[in-house]
Amino acid sequence: MSTSPTKLEPLAIHGGTPVRGKLLPYGRQSLDDEDIHAVVEVLKSDWLTTGPKVGEFEEQFAARVDARHAISFSSGTAALHGAAFAAALGPGDEAITTPLTFCATANCILYQRATPVFADVSPDVLNLDPDEVSRKISARVKAIIAVDYAGHPAALDELGRLAKGRGALLIEDACHALGAEYHGKRVGGIADMTVFSFHPVKHLTTGEGGMVATNDARLAETLRRFRNHGISSEARQRHEAGQWFYEMVLLGYNYRLTDIACALGLSQLAKLSPNLARRREIAAHYTAAFRSVPGLTPPSVRAEVNPAWHLYPIRLDLAKLTVDRGQIFRALRAENIGVSVHYIPVHLHPYYRDQFGHREGECPVAESAYERLISLPMFHGMTGADVADVVKAVSKVISHYAR
Ligand SMILES: Cc1ncc(COP(=O)(O)O)c(C=O)c1O
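Quick caveat, the model's predicted, so the values are computed rather than measured.

## Section: the environment of R333
Its place among the elements puts R333 in helix α12 (residues 325-334). Distance from R333 to S232, taken between C-alpha atoms, is 51 Å for residues 101 residues apart in sequence. Look past the residues within four positions of R333 in its chain and what remains in contact with it is L23, G338 and V339.

This is the structure we're talking about:
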């Protein structure tokens, strides 16, 4: 019998007392009275959509991420579609992306009838591996779509060079990485286009919402038209100029973000810096606590990077445990810790298998990481007691199942 005191404490999954009485989610928005007031003011105003708050939010956002232009969209997915369109992806073209992401990253390539090519990730930070990209790049590749997994910027310099060498564009899916830095520069003005999401679990929320940041005026104009049916002017411009005439110059969509959402975005943006600081504090606390827990590896951070910590994904060392990831996951949920898994490799989803014949073994690093990943709760509204509960539950469960 073990002499470890934590082993004597029965797990909640075996009928013991859970570490928490109520489930702690893995991510959650924080809204205050200022946010609510900002939205209510718009509801009383003349413009519910495509009014002054859209431009204000875009301008302040661009300044915050050090980009010349920011174009808002109705979601991060719509923003990715806009970026794939602006990169001129079309039938017969390819775009290289990572399998370890939310499916929207690859789906935007399919929306343009182009072909996604999956390159494997680096084992340390689980971002696109430039060596794997260079093995898969060809004259057909028009874009590399890198993801800043968990908020850790991808190898943007190397990937940018690879894209440029082929006349392709680097699109950075920074849906996890608002506020992250790479070689001291803010994510947003580094890649040709950088895409953000404002889903409630992200660093700032507008309910649903997204943004593309770019320094290229031509791409910015295409993105603006694309999110507004392909029309060359916006309703408010016409209203202010007393004109009715407009022209549709490309096939776009209604991907506009409302003034209601942008007012919330502006109010949330004002709190981004303290919220990022809190996420970094939580990550530092987790990493210090878990360094000495055998059976798990905390996320790595490269020297040139300051991550934004959208997620905190630990990797299980299955050789040191008596059970698989599924059992650790269930045991943590029973302790009322709302863990999650990011991500099922995109190429292994039924749609990608059925339509394109993708199979296991194509991206071994991502596939092996997937078997071992668990995302712990990470959001700026977590209290010190929440963080302590996660550390306690993880230590309790892992030590119970240690070999
Ligand atoms: C990496 C990544 N890309 C794209 C998206 C899509 O963003 P949205 O939910 O705003 O459409 C997400 C959303 O979670 C994401 O995590």
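Having seen the model, we can carry on.
## Overview of the nonpolar core
Y286, F290, Y312, I328 and L376 are the most contacted members of the largest nonpolar core, which totals 32 residues. Every element with two or more residues in this core is listed here: α11 (272-290), β12 (312-316), α12, β13 (373-376) and α15 (384-400). By residue number, the principal contributor to this core is α15, which donates seven residues. Discounting residues that sit within four places of it in the chain, F290 has contacts with L296, P298, Y312, I314, L376, V391 and V394.

## Let's talk about the sheet that holds strand β6 (residues 181-182)
Taken in spatial order, the three strands line up as β7-β6-β11 in an open sheet, and their pairing is antiparallel. Edge positions in the sheet fall to β7 (185-186) and β11 (305-306), since each has one partner strand and no second. When β6 meets β7, the two strands line up antiparallel, connected through two bridges. For E181, the partnering residue across the bridge sits in β7 and is R186.

## Quick notes on the packing of aromatic side chains
According to the stated counting rule, one finds 18 aromatic pairs in the structure shown. A centroid spacing of 5.8 Å and a plane angle of 75° characterise the contact between F118 and Y352, whose relative ring orientation is edge-to-face. With a gap of 234 residues between them, F118 in strand β3 (residues 115-118) and Y352 in helix α13 (residues 350-356) connect regions that are remote in the sequence. For Y352, a relative accessible area of 2% corresponds to the buried category. Ring centres 5.7 Å apart and planes at 35° place the aromatic pair Y352 and F356 in the tilted group. Of this pair, Y352 and F356 are both found in helix α13, four residues apart, which corresponds to roughly one turn of the helix.

## Brief notes about the environment of N275
The topology assignment puts N275 in helix α11. Its relative accessible area of 19% is what places N275 among the buried residues. For the pair formed by N275 and Y286, sequence separation is 11 residues and the distance between their alpha carbons is 17 Å. Excluding residues that lie within four positions of it along the chain, N275 makes contacts with H203 and H380. Here the side chain of N275 touches H380 through a polar contact of 3.5 Å, side chain to side chain.

## Digging into the sheet that holds strand β1 (residues 69-73)
With respect to topology, seven strands assemble into an open sheet ordered β1-β9-β8-β5-β4-β2-β3, the strand pairing being mixed. The sheet is open, and its two borders are formed by β1 and β3, each paired with just one other strand. The mean inter-strand angle of the sheet, taken between neighbouring strand axes irrespective of direction, is 25°. Helix α4 (residues 76-86) contacts β1, β5 (169-173), β8 (193-197) and β9 (210-214) of the sheet and is inclined by roughly 165° relative to β8. In the packing of helix α7 (residues 156-165) onto the sheet, contacts are made with β4 (141-147) and β5, and the angle to β5 comes to roughly 145°.

Criteria and thresholds
Per-chain numbering applies: the sequence of each chain, read as written, is numbered from 1 onward. Given that the model is predicted, a residue must reach a pLDDT of at least 70 before its local features are reported, and side-chain atom pairs must reach 80 or more before they are shown or counted; all residues, however, enter totals for whole chains, interfaces and linings. Working from all heavy atoms in the structure, the side-chain values ignore hydrogens and water. Numbering of helices and strands runs from the N terminus; a helix is a DSSP stretch of H or I covering at least four residues, while a strand is a stretch of E covering at least two. In what follows, residue pairs with any heavy atoms lying within 4.5 Å of each other are defined as contacts. Among buried residues, the Ala, Val, Leu, Ile, Met, Phe, Trp, Tyr and Cys ones that are joined through side-chain atoms within 4.5 Å form a nonpolar core. Burial classification: accessible surface area is computed with a 1.4 Å probe over protein chains only, and a residue below 20% of its type maximum counts as buried, one above 50% as exposed, and the rest as partly exposed. When DSSP locates at least two bridges between a pair of strands, those strands are taken to pair. Only rings of Phe, Tyr and Trp enter the pairing, Trp through its six-membered ring, and a pair is recorded when the two centres are within 6.5 Å. The plane angle decides the type: under 30 degrees is stacked, over 60 is edge-to-face, the rest tilted. We call two N or O atoms a polar contact when they sit within 3.5 Å, provided that within protein one can donate a hydrogen and the other can accept it, with sequence-adjacent residues counted only if both atoms are side-chain atoms. In this analysis an axis means a line fitted to C-alpha atoms, helices contributing only their contacting stretch, and an angle means the value between N-to-C directions, from 0 to 180 degrees.

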